[in-house]
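Examining the three-dimensional arrangement
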Amino acid sequence: MKNKEHTYSKNSPKVYIRTYGCQMNEYDSEIMAGLLENSGYHLTDNPAEAGVILLNTCYVREKVKHKIYSRLGELKKLKEEKPELILGLCGCLVQKEPEEVLQRAPYLDFILGTSNFYQLPEVLGQFFGDGVRGTKAKGSSHSTIVQVEEDRAIPEGMPKLRKRRFSAFVSVMRGCNNFCSYCNVPYVRGREVSRPRKDILREIEELAQKGYKEVTLLGQNVNSYGKGEKEKIDFADLLVLVNQVENLRRVRFTTSHPKDLSDKLIEKMAELDKVCEHLHLPVQSGSNKILSRMKRGYTREHYKNLVNKLRQAIPEIALTTDIIVGFPGEEEKDFQDTLELVETVGFDGAFTFCYSPLKGTEAVRLKERIPEKISGQRLRRLIELQQKILLRKNESLVGKEVEIMVEKISKKSSDELQGRTRTNKIVVFKGRKELIGNIISVKIVTPGCWALRGKVNSC
Ligand code: SAM
Ligand code: SF4
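Residues numbered from 1 in each chain as written. Chains lettered and ligands numbered in written order. Predicted model: local features only at pLDDT ≥ 70, side-chain atom pairs only at ≥ 80, totals over all residues. Heavy atoms only, no water.

Bringing the sheet that holds strand 18 (residues 426–430) into the picture now. As summarised here, the arrangement of the five strands in space is 16-17-18-20-19, forming a closed barrel in which the pairing is mixed. Each strand of the sheet is rotated relative to its neighbour by a mean of 55 degrees, with strand direction disregarded. Here strand 16 (residues 401–409) pairs with strand 17 (residues 416–421) via five bridges, running antiparallel. In the strand pairing of strand 17, lysine 408 is matched with glutamine 418. (Pairing = 2+ DSSP bridges. Helix = DSSP H or I, 4+ residues; strand = E, 2+ residues; numbered from the N terminus. Axes fitted to C-alpha atoms, helices over the stretch in contact; angles between N-to-C directions.)

This is the structure we're talking about:
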């Protein structure tokens with residue numbers, strides 16, 4: 001790749017990357033940061049001192065899109081004051097609607113699609129090495145470099161500049177074949193492609209050698225890992241192999257689709273010592289009518305049955321979920337079904353959203369839109385119920401000894417540390433900085449919704 005030729009270290013501009021969205025986008029940003037560092041660029045956390053500002057975008061809800069355009073408006077002003085500033089946009093928003101991006105933000109210097117992000121050093125090279133080339137954005141005298149292609153294979157072995165020191169994301173697959181009626185992902189990330197197991201294992205082995213203790217395997221639907229590929233391997237088989245990696249202590253994965261969660265996977269989760277007792281299993285709705293309109297491919301009964309199997313196999317498992325309220329046609333009785341399911345399952349956490357109609361998805365054509373006021377009220381009722389459940393669950397942990405991996409200094413107080421239990425709960429406690437990166441035992445002393453408070457015996 002061309003980036004190897006660039007040696008800018010002294011005069012090259014600093015690059016600021018802001019990531020919107022899920023862990024997949026964070027992972028892509030880590031690759032971009034790694035590629036830039038390898039090409040001699042410096043990364044900065046301060047946009048004011050950057051010569052290049054890049055937004056890596058997501059597009060799961062309209063709200064996020066508004067947020068990105070409003071940030072771009074601010075950056076446009078900054079560029080007017082500082083014309084040499086290079087502005088770039090990449091990720092899901094660009095992949096879904098490149099023409100709209102170019103029309104609304106013709107002042108952008110470059111845009112990169114979800115399969116083109118690794119070309120970033122080459123693109124920057126055109127500004128700082130070979131002079132600017134590009135496609136002229138309609139209605140603008142400015143040229144924007146446009147690299148947006150579909151389903152382009154992403155090369156293996158790219159460098160990554162990881163944000164965290166002991167816990168790392170590892171992509172096992174990209175894309176999604178499910179086409180849930182509300183969702184943009186299959187349109188922006190393309191069809192499912194699993195990464196070869198040897199590449200996944202090599203990446204994890206290298207991480208473990210560098211001192212990483214935990215990995216989170218990423219995919220939009222990890223349960224369909226291996227489907228349609230030459231290699232005969234499924235996600236449960238992959239977990240077995242990852243569990244064997246020496247010096248690795250914890251394995252997590254996300255996201256699991258309820259229609260594809262197999263008995264074999266539940267069995268392996270229970271059996272494999274490094275696989276943590278936590279599962280993110282998005283239910284989206286507790287109403288069969290709405291689940292069918294969402295094209296989720298399972299019923300509330302199936303979901304509850306999975307929860308029973310999981311709890312039988314792994315009694316201490318923590319379950320988290322995603323829920324959308326106000327989906328077209330959702331009546332009060334459907335919403336009551338969601339509340340009932342939430343109460344019965346007793347989730348340890350839920351990401352809750354108001355339905356957002358997205359252009360190009362099937363659900364935008366559905367009638368019976370729910371007024372925003374009603375969706376908003378339902379969202380508040382759901383959050384209130386979930387908070388009560390969570391507090392109740394966390395109270396039951398008081399007095400118990402739990403294993404945590406110490407991650408960092410707490411955001412709220414510099415003399416406290418923050419770690420995570422195997423069940424993915426945050427624990428804050430007083431302790432020495434040297435504990436960061438260690439797996440230790442703490443006693444829970446106070447419950448809380450965002451975090452639990454713990455105490456280390458020796459402190
Ligand atoms: N692959 C995951 C799954 O199958 O559940 C989720 C991926 S999506 C990036 C994350 C979450 O965003 C979804 O679980 C859903 O709850 C929410 N979401 C996606 N599209 C949405 C929309 N149009 N309106 C509101 N929430 C949405
Ligand atoms: Fe979107 Fe459904 Fe695929 Fe999840 S499974 S990424 S919600 S289409």
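Alright, that's what it looks like, and here's the rest.
The omega torsion of the bond from threonine 254 to threonine 255 falls at 5 degrees, within 30 degrees of zero and hence cis. Its identity is not glycine, yet glutamine 284 carries a phi of approximately 70 degrees, on the positive side. Checked against the element boundaries, glutamine 284 lands in the loop between strand 13 (278–280) and helix 10 (288–293).

Bringing the packing of helix 9 (residues 263–271) against helix 11 (residues 300–313) into the picture now. Between helix 9 and helix 11, the shortest axis-to-axis distance is 9 Å and the interhelical angle comes to 25 degrees. It follows from the interaxial angle that helix 9 and helix 11 lie roughly parallel. Handedness of the crossing formed by helix 9 with helix 11: right-handed. Facing Asp263, Ile266, Met269 and Ala270 of helix 9, the residues of helix 11 in contact are Lys309, Leu310 and Ala313. When grouped by side-chain class, the residues that make up the contact of helix 9 with helix 11 number five nonpolar, no polar and two charged. (Parallel < 35°, antiparallel > 145°, perpendicular 65-115°, else oblique. Left-handed = near helix turned anticlockwise from the far one by under 90°. Contact = heavy atoms within 4.5 Å. Nonpolar A, V, L, I, M, F, W, Y, C, P; charged D, E, K, R; others polar.)

All right, on to the sheet that holds strand 15 (residues 349–354) then. The sheet built from three strands is open, its strands ordered 13-14-15 with parallel pairing. The open sheet has two free edges, formed respectively by strand 13 and strand 15, since each of these has just one partner strand. Averaged over all pairs of adjacent strands, the angle between strand axes in this sheet comes to 10 degrees, irrespective of strand direction.

Before going further, it helps to examine the site of ligand 2. If you check the shell around ligand 2, you find Cys176, Asn178, Phe179, Cys180, Tyr182, Cys183, Val185, Pro186, Gln220, His257 and Arg296 and nothing else. Class assignment of the residues belonging to the shell around ligand 2 gives a composition of seven nonpolar, three polar and one charged. (Near = heavy atom within 4 Å.)

Our next topic: the pattern of salt bridges. Following the criterion strictly, the structure yields 47 salt bridges and no others. Between lysine 76 and glutamate 80 there is a salt bridge, and its shortest N-O distance comes to 3.9 Å. Taken together, the positions of lysine 76 and glutamate 80, both in helix 2 (residues 62–81) and four residues apart, correspond to about one turn of that helix. Residue classification places lysine 76 among the partly exposed positions, given a relative accessible area of 36%. For aspartate 260, the salt bridge goes to lysine 259, with nearest N and O atoms at 2.9 Å. The exposure class of aspartate 260 is buried, given its relative accessible area of 16%. Residue classification places lysine 259 among the partly exposed positions, given a relative accessible area of 32%. (Salt bridge = Lys/Arg side-chain N within 4 Å of Asp/Glu carboxyl O. Buried < 20%, exposed > 50% of the residue type's maximum accessible area, 1.4 Å probe, protein only.)

With that settled, the discussion passes to helix 2. In this model helix 2 runs 29 Å from its N-terminal to its C-terminal C-alpha over 20 residues, within 8% of the 28 Å that 1.5 Å per residue would give. Among the residues making up helix 2, those that are buried are Val64, Lys65, Ile68, Tyr69, Leu72, Leu75 and Lys79. Buried positions in helix 2, seen along its axis, are confined to an arc of 130 degrees and lie on one side of it. For helix 2, exposure combined with an orientation more than 90 degrees from the buried face picks out Lys63, Lys67, Lys77, Glu80 and Glu81. Turning to helix 2, the residues buried within the fold contact strand 3 (52–57), strand 4 (86–91), helix 3 (92–96) and helix 4 (98–104). (Expected span 1.5 Å × (residues − 1). Arc of directions from axis to C-beta.)

Attention shifts here to the site of ligand 1. Taken together, 16 residues are adjacent to ligand 1, and Tyr182, Gln220, Gln284, Asp322 and Ser356 come closest. For ligand 1, a nitrogen atom lies 3.0 Å from a polar atom in the backbone of tyrosine 182. Glutamine 284 is positioned such that a nitrogen or oxygen atom in its side chain is 2.7 Å from an oxygen atom of ligand 1. Protein coverage of the free-state accessible area of ligand 1, which is 570 Å², stands at 91%. Broken down by secondary-structure element, the contributors of at least two residues to the shell around ligand 1 are strand 14 (318–325) and strand 15. Its residues assigned to classes, the shell around ligand 1 shows nine nonpolar, four polar and three charged. (Polar contact = N/O pair within 3.5 Å; in protein donor to acceptor, adjacent residues only side chain to side chain. Areas by Shrake-Rupley, 256 points an atom, 1.4 Å probe, with all protein chains shown as cover.)

Right, let's talk about the nonpolar core for a bit. In terms of nonpolar packing, the biggest core is built from 54 residues, with Leu217, Phe235, Leu239 and Met269 touching the most fellow members. Once you skip the residues sitting within four places of it in the chain, leucine 239 turns out to touch Leu217, Val251, Phe253, Leu265, Met269, Leu272 and Val275. (Core = buried A, V, L, I, M, F, W, Y, C linked by side-chain atoms within 4.5 Å.)

This part covers the state of the cysteines. Inspection of every chain in the model, using the stated rule, returns zero disulfides. The structure places no disulfide on cysteine 354, whose sulfur is separated from the nearest cysteine sulfur, that of cysteine 58, by 16 Å. Not engaged in a disulfide, the cysteine cysteine 449 finds its nearest cysteine sulfur in cysteine 354; these two sulfurs lie 20 Å apart. What makes cysteine 449 partly exposed here is its relative accessible area of 30%. (Disulfide = S-S within 2.5 Å.)

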